[in-house]
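Chains, contacts and geometry: an overview
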Amino acid sequence: MDVLGYAQIESFTTLDGSQIREWAGRVSLPAHNQSLAEATIPVGGATTEHYHRSTEELYLVSAGSGRLAIDGEEREVVEGDCALIPPGARHKLFNTGAIPLRVICACAPAYTDEDTVLTE
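Read on for a plain summary of the structure. Each chain has its residues counted from 1, running along the sequence as written. Per-residue local features of the predicted model are confined to residues with pLDDT of at least 70, and side-chain atom pairs are confined, for both listing and counting, to 80 or more; whole-chain, interface and lining totals are unaffected and use all residues. For the side-chain quantities, the full set of heavy atoms in the structure was used; hydrogens and water were omitted.

To continue, consider the side chain of His 52. Considering the arrangement of structural elements, one finds His 52 in strand S5 (residues 50-52). Relative accessible area decides the class of each residue, using a 1.4 Å probe on protein chains only: under 20% of the type maximum gives buried, over 50% gives exposed, and in between gives partly exposed. Overall, His 52 belongs to the buried group, its relative accessible area being 3%. Think of a polar contact as two N or O atoms within 3.5 Å of one another; within protein, one of them needs to be a possible hydrogen donor and the other a possible acceptor, and neighboring residues in sequence only count if both atoms come from side chains. Within the local environment of His 52, its side chain forms a polar contact with the side chain of Glu 57, the two groups lying 3.0 Å apart. Apart from the residues lying within four places of it in its own chain, the contact partners of His 52 are Glu 57, Pro 87, Gly 88, His 91, Tyr 111, Asp 115 and Thr 116. A helix here means a DSSP run of H or I that spans at least four residues, while a strand means a run of E at least two residues long, and both kinds are numbered starting from the N terminus. Contacts are assigned to residue pairs with any non-hydrogen atoms lying within 4.5 Å of each other.

This brings us to the packing of aromatic side chains. Here a pair means two rings of Phe, Tyr or Trp (six-membered ring of Trp) with centres within 6.5 Å. Their orientation is stacked below 30 degrees between planes, edge-to-face above 60, and tilted elsewhere. Summed over the entire model, instances satisfying the criterion amount to one aromatic pair. Between Tyr 6 and Trp 23, the ring centres sit 5.8 Å apart and the planes meet at 45°, which makes this aromatic pair tilted. Of this pair, Tyr 6 sits in the segment before strand S1 (12-13) while Trp 23 sits in strand S2 (residues 19-25), and the two are 17 residues apart along the sequence. The positively charged end of Arg 67 is found above the aromatic ring belonging to Phe 94, 4.1 Å away from the centroid. Counted as over-ring charges are cases with an Arg CZ or a Lys NZ within 6 Å of the ring centre that also lie within 35 degrees of the ring normal.

It is worth spelling out the pairing of strand S9 (residues 82-85) at this point. Because side chains alternate across S9, one face comprises the buried residues Ala 83 and Ile 85, and the other comprises Cys 82 and Leu 84, none of which is buried. Pairing of strand S6 (residues 56-63) with S9 involves four bridges; the strand directions are antiparallel. Bridge pairing in S9 links Leu 58 to Leu 84. Pairs of strands are assigned from DSSP output, requiring at least two bridges between the strands.

This paragraph deals with the layout of surface pockets. Here a cavity denotes a set of grid points, spaced 1 Å apart and computed over the protein atoms alone, in which a 1.4 Å probe fits but from which it cannot get out, and a pocket denotes an open set meeting protein on both sides within 12 Å along at least five of seven lines; residues with an atom within 4 Å of a point are reported as lining. Grid points are joined across faces, edges and corners, and a volume is the space filled by probe spheres set on the points. Considering only enclosed or pocket space, the largest pocket measures out at about 190 Å³ in volume. For the largest pocket, the full set of lining residues is Leu 68, Ile 70, Glu 73, Glu 74, Arg 75, Glu 76, Val 77, Asp 81, Cys 82 and Ala 83. Elements supplying a minimum of two residues to the lining of the largest pocket: strand S7 (65-70), strand S8 (73-78) and S9. Residue classes follow a fixed rule: Ala, Val, Leu, Ile, Met, Phe, Trp, Tyr, Cys and Pro count as nonpolar, while Asp, Glu, Lys and Arg count as charged, and any other residue, Gly among them, counts as polar. Residues belonging to the lining of the largest pocket are distributed by class as follows: five nonpolar, no polar and five charged.

We now examine the environment of Ala 83. Tracing the chain through its elements places Ala 83 in strand S9. With a relative accessible area of 15%, Ala 83 lands in the buried category. Here the alpha-carbon distance between Ala 83 and Leu 118, two residues 35 residues apart in the chain, equals 20 Å.

Spelled out as structure tokens, the structure:
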């Protein structure tokens, strides 16, 4: 049985500049078909715009607020909002709030830097 607690997860920085804690995926628990992680973006920070060649991604805002841009369309996001990011869609997340923006990220297939293409 594979179980990993939040306190056991070491953070790392992904290609887009996010600080990530991965519960399951290729970095932590041996999940290959999907991954589950938490991204933290500091106040005033943003990810680097990017897309994933084959990965579908879900963002669930768990704390804070921000602005999400997907393929040129922008929308404010707050705690409890969930966004679908299809493969190939350029996206960028900005923290526009007063606290760190925390987003649960689910990816299928599992996140890899090799599937990520920076666009800025």
